[in-house]
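# Overview (structure and organization)
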Amino acid sequence: MKKMYRFPLKQNIGEAAVPTIVKGETIVRGQLIASKGENSLGANLFSSVSGVVTEVGKEQISILAEEEQSRSYMALKADTPLELVEEAGIVGLGGAGFPSYAKLARPLEQGGTVIVNAAECEPILSHNILSIEKDPEKLLRGLEIAMQIVSAENGVVAIKEKHQKAVERLSNTINTKKNIRIVLLPDLYPMGEERAVIREVLGDLLPVDSLPIRENAVVLNAETVCRIQEAVDLKKPLIDKNLTVGGKIRGNQNLIQVFEDVPLGMSVGDVFEMAGGVAEEYGEIIMGGPFTGKRTSLEAPIVKTTGALIAAECFMKGPEKIGLLVCACGADRERLEEIAADLGSQVVGIEYCKQAKEIKNTRKCENPGRCPGQVQKVMTLKKNGAQAVLISNCTDCSNTVMSCAPKMGLAVYHCTDGALRAVNHPLIRRIH
């Protein structure tokens, strides 16, 4: 049976891609279907399947895939590593989607560092760690390429200490690599936040409006680095994605599964079918991790920044009145309001973590993972009539909320509850 693949033209920070094909055209896997354009911050888009173009719209391209698909692809044409990264359409695959060639275009000063963010920060997600366990050489080769592009003298793999097998595999392989070391991270959320990684690796806390280049560094997601290796060594465009799939799976078996090289544009529903199918009853489908993921549908396509698909537990009946405490490290205000509505609760107050500073229409934490205390915010929500609080806080902030909210008679709900219950994972509450 032929299946439809859909490719949104905007899958990255910056400009949307511009179609280079027309309706009715027959294309092959790896063929360019939309270009980033000239002099714009964008990313090329390639077809992950061979088939016929059925739609070229303002927002997406649709391709009816042939029933039989080959894993071969049309090779990239560029010559230099940086040109290949740009041509391949590689962006930050940890969720941000910033075009990777733009990160690598500026050489670092003497003593510069390229850091691989291998924290696998969000709970449930496990595809990056599994990839390192299977093939650490691929990650390290990608790191070497990135170091070469920006003339970095030092390379670092930042990974949580708890991932012992991956750390061991890296350690055994890294002995042959010059100027590359491992930095072990604590098992806290959000240790994978870019500024938190810089703080842990280089010892400096960046201001909320600063980038790693200020510390003479570049930070790249683990899968991003691996796709850089493919682009340079194999001339492969970004057409496949590694994913963690979990939650309410039919038959309640294999609650968390990893799928490698899933073709971009495949529907969320078809990916779940690979895992066994979604259970008859679930609360919502989340694209991304439990903390920062967004609600999606079974019809939606997976995109470059898709790291996980989670079928969450059915929503519980919430309190009549609830207060929202928004953290820059987790779900935003709109996402918490969405969850509150599904709990059947009226929102009577909204407070922001005191470290959640507004920067360019978003919020960033002043010091990710290190909480200044939330007592005053919780007290304000109680005064507004809240019977419970719904929070999106990091590990440390959740600890501070739990140290005061129950004493005030307030129940605590977390934005991750539905996802974590669906995989029998401990809830984010008080963690010592």
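Further up the page is the structure itself.
Remember, it's a predicted structure, so these values are computed and weren't measured experimentally.

Locating Gln164 in the fold gives a position in helix H5 (residues 164–174). When its relative accessible area of 62% is taken as the criterion, Gln164 is described as exposed.

Turning our attention to the sheet that holds strand E22 (residues 411–414). Remark on secondary structure: sheet strands pair via backbone hydrogen bonds, oriented parallel or antiparallel. Strand order in the open sheet formed by four strands is E18-E17-E21-E22, and the pairing between neighbours is parallel. Every other strand in the sheet has two partners, leaving strand E18 (346–352) and E22 as the edge strands with one partner each. Pairs of neighbouring strands in the sheet enclose a mean axial angle of 25 degrees, with direction left out of account. Summarising the sheet, strand E17 (residues 321–326) and E18 pair through six bridges and their orientation is parallel. Within E18, the residue paired with Leu325 across the bridge is Glu351.

With that out of the way, let us pick up the environment of Pro368. Within the secondary structure, Pro368 sits in the loop between strand E20 (362–365) and helix H10 (375–383). In this structure, the C-alpha to C-alpha distance between Pro368 and Arg106, residues 262 residues apart in sequence, is 27 Å. Beyond its immediate stretch of four places on either side in the chain, Pro368 contacts Pro190, Met191, Glu193, Arg195, Ala196, Arg199 and Leu205.

Turning to the sheet that holds strand E10 (residues 180–185), a few remarks are in order. Strand order in the open sheet formed by four strands is E10-E9-E8-E11, and the pairing between neighbours is parallel. Of all strands in the sheet, those with a lone pairing partner are E10 and strand E11 (217–221), marking the two edges. Adjacent strand axes in the sheet meet at a mean angle of 25 degrees, parallel and antiparallel pairs treated alike. One ladder, built from five bridges, connects strand E8 (residues 113–117) with E11; its direction is parallel. For Val116, the partnering residue across the bridge sits in E11 and is Leu220. Set on the sheet, helix H4 (residues 136–150) makes contact with E8, strand E9 (154–160), E10 and E11; between it and E9 the angle comes to about 140 degrees.

Turning next to the pairing of strand E21 (residues 388–391). Neither face of E21 is open: one carries Ala388 and Leu390, the other Val389 and Ile391, and all of them are buried. Of the crossover connections in this fold, the one passing from E21 over helix H11 (residues 395–402) to the parallel E22 is right-handed.

About the cut-offs
Residues numbered from 1 in each chain as written. Predicted model: local features only at pLDDT ≥ 70, side-chain atom pairs only at ≥ 80, totals over all residues. Heavy atoms only, no water. Helix = DSSP H or I, 4+ residues; strand = E, 2+ residues; numbered from the N terminus. Buried < 20%, exposed > 50% of the residue type's maximum accessible area, 1.4 Å probe, protein only. Pairing = 2+ DSSP bridges. Axes fitted to C-alpha atoms, helices over the stretch in contact; angles between N-to-C directions. Contact = heavy atoms within 4.5 Å. Right-handed = clockwise from strand over helix to strand, strands pointing away.

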